[in-house]
Amino acid sequence: MTEAYFEPLGTDDGWEVFRATPHTVSAWGPDLQHGAPPSAILTRAMDRLDPSEETRIARVAVDLLGPVPLGELRTRARVTRPGRRIQLVESELEARGRIVARASAWRMLVSDTAEVEQTLDQPRQLPGADHNSEFFNRWTSGYIDSLEIRGAEDGTVWARPTLPLVAGEETTPAEHVMCVADIANGVGAVLEPHEWRFLNTDVVTHLHRRPVGQWIGVTARASIGPDGVGATTGTLFDEVGAIGHTLQALLIERV
């Protein structure tokens, strides 16, 4: 097995072609991917389209249009709102002849605002050992098993991918965050997964700061409505402090 989430297979008429490895497998089923790898490969397409040191991704919104299968798939991206200070970039993921996921990202001009830097979220400390990640020990998959996970006593779950996103490549900071952000649904779970499915149809991630280092901390809370719909809100951290927030819509079903 290729020791990465995706194996590059070249290009085809403007598309980049990949093979999704078993490391992408979801806990919801052996033939579909967890939401994080598709989110990250879509982010990769946008992050590497006409890259510039003068801009960076500030928000990624991913819509999962259906089950994302293993095997061969392909991505492409385009700038839909060009600009020197603000750009909107979009990407799509195709598998078996259909679009299975789409994403958009705002890229913004970077400048020095260190003197007014602030966040309401207090830093969280990476624990030296795992204290509280029992949920992920019980609910495993190829993707979850690819993460090094440490649960902190304050409820933060810290995760570090042990694999690159694409074989032979160095993962960028934005890609790295999106390799982890989708676990907020599990971190904030309030239902027993053997009794209920709580499938997220999207993940929206705002990044007010680039991450530093390899560990991403996630705190999250889920709200469940009375009619089969829910939402998970989360905060993302690195070892320095908060880096952003996530939001996911949930479809709630009995198993």
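What counts, and at which threshold
Residues numbered from 1 in each chain as written. Predicted model: local features only at pLDDT ≥ 70, side-chain atom pairs only at ≥ 80, totals over all residues. Heavy atoms only, no water. Salt bridge = Lys/Arg side-chain N within 4 Å of Asp/Glu carboxyl O. Helix = DSSP H or I, 4+ residues; strand = E, 2+ residues; numbered from the N terminus. Buried < 20%, exposed > 50% of the residue type's maximum accessible area, 1.4 Å probe, protein only. 1 Å grid on protein atoms, 1.4 Å probe; cavity = no way out; pocket = protein on both sides within 12 Å on 5 of 7 lines; lining within 4 Å. Points joined across faces, edges and corners; volume = space filled by probe spheres on them. Nonpolar A, V, L, I, M, F, W, Y, C, P; charged D, E, K, R; others polar. Core = buried A, V, L, I, M, F, W, Y, C linked by side-chain atoms within 4.5 Å. Contact = heavy atoms within 4.5 Å. Phe/Tyr/Trp six-rings, centres within 6.5 Å; stacked < 30°, edge-to-face > 60°. Pairing = 2+ DSSP bridges.

**Q** Hey, could you go over the pattern of salt bridges for me, with residue numbers and the actual values?
**A** Applying the stated rule across the entire model yields 14 salt bridges. For Arg44, the salt bridge goes to Glu16, with nearest N and O atoms at 2.8 Å. Of the two residues, Arg44 is situated in helix α1 (residues 36-47) and Glu16 in strand β2 (residues 15-20); the sequence distance between them amounts to 28 residues. According to the relative accessible area criterion, Glu16 is partly exposed, its value standing at 29%. We note a salt bridge from Arg160 to Glu148, for which the minimum N-O separation is 2.6 Å. Linking Arg160 in strand β10 (residues 157-161) with Glu148 in strand β9 (residues 147-151), this pair joins segments that are 12 residues apart in sequence. In the salt-bridge network here, residues are joined through shared partners; they are Glu16, Arg44, Arg48, Glu169 and Glu175.

**Q** Tell me what's going on with the layout of surface pockets, and back it up with residues and numbers.
**A** Left-over empty space is what a probe sized like a water molecule reveals as it rolls over the atoms. Looking at the largest pocket, its volume works out to about 540 Å³. Along its surface, the largest pocket is lined by 20 residues, and Arg56, Thr113, Glu117, His208 and Arg209 are the ones closest to its centre. If you list the elements that add at least two residues to the lining of the largest pocket, you get β5 (55-64) and β8 (98-109). Tallied by class, residues from the lining of the largest pocket come to 9 nonpolar, 6 polar and 5 charged. Roughly 410 Å³ of volume is contained in the second largest pocket. What lines the second largest pocket is a set of 23 residues, among which Trp28, Leu32, Leu64, Leu199 and Asn200 lie closest to the centre.

**Q** Please provide a residue-by-residue account of the nonpolar core, values included.
**A** Grouped together as the largest cluster of nonpolar side chains are 48 residues, with contacts concentrated most on Phe6 and Ile183. Once residues lying within four places of it in the same chain are set aside, the contact partners of Ile183 are His34, Phe136, Tyr143, Leu147, Val157, Ala159 and Val218. One finds Leu126, Ala152, Trp215 and Ala242 within the second-largest nonpolar core, a separate group that totals 6 residues.

**Q** Provide a residue-level description of the packing of aromatic side chains, including the pertinent values.
**A** Scanning the entire structure with this criterion turns up 3 aromatic pairs. Pairing Trp28 with Phe198 gives two aromatic rings, centres 5.4 Å apart and planes at 90°, and the pair type is edge-to-face. In this pair, Trp28 sits in the loop between β3 (25-26) and β4 (29-33) while Phe198 sits in strand β11 (residues 196-200), placing the two residues 170 residues apart along the sequence. A relative accessible area of 24% places Trp28 in the partly exposed class.

**Q** Just give me the short version of the pairing of β9, but keep the residues and values in it.
**A** For β9, a buried count of 4 out of 5 residues is recorded, marking the element as mostly surrounded by other parts of the structure. Examined bridge by bridge, β9 and β10 share 5 bridges and lie antiparallel to one another. Looking at the pairing, Gly151 lines up with Val157 of β10. Here β9 hands over to β10 after 5 residues, with Gly155 in that stretch at a positive phi of 95°.

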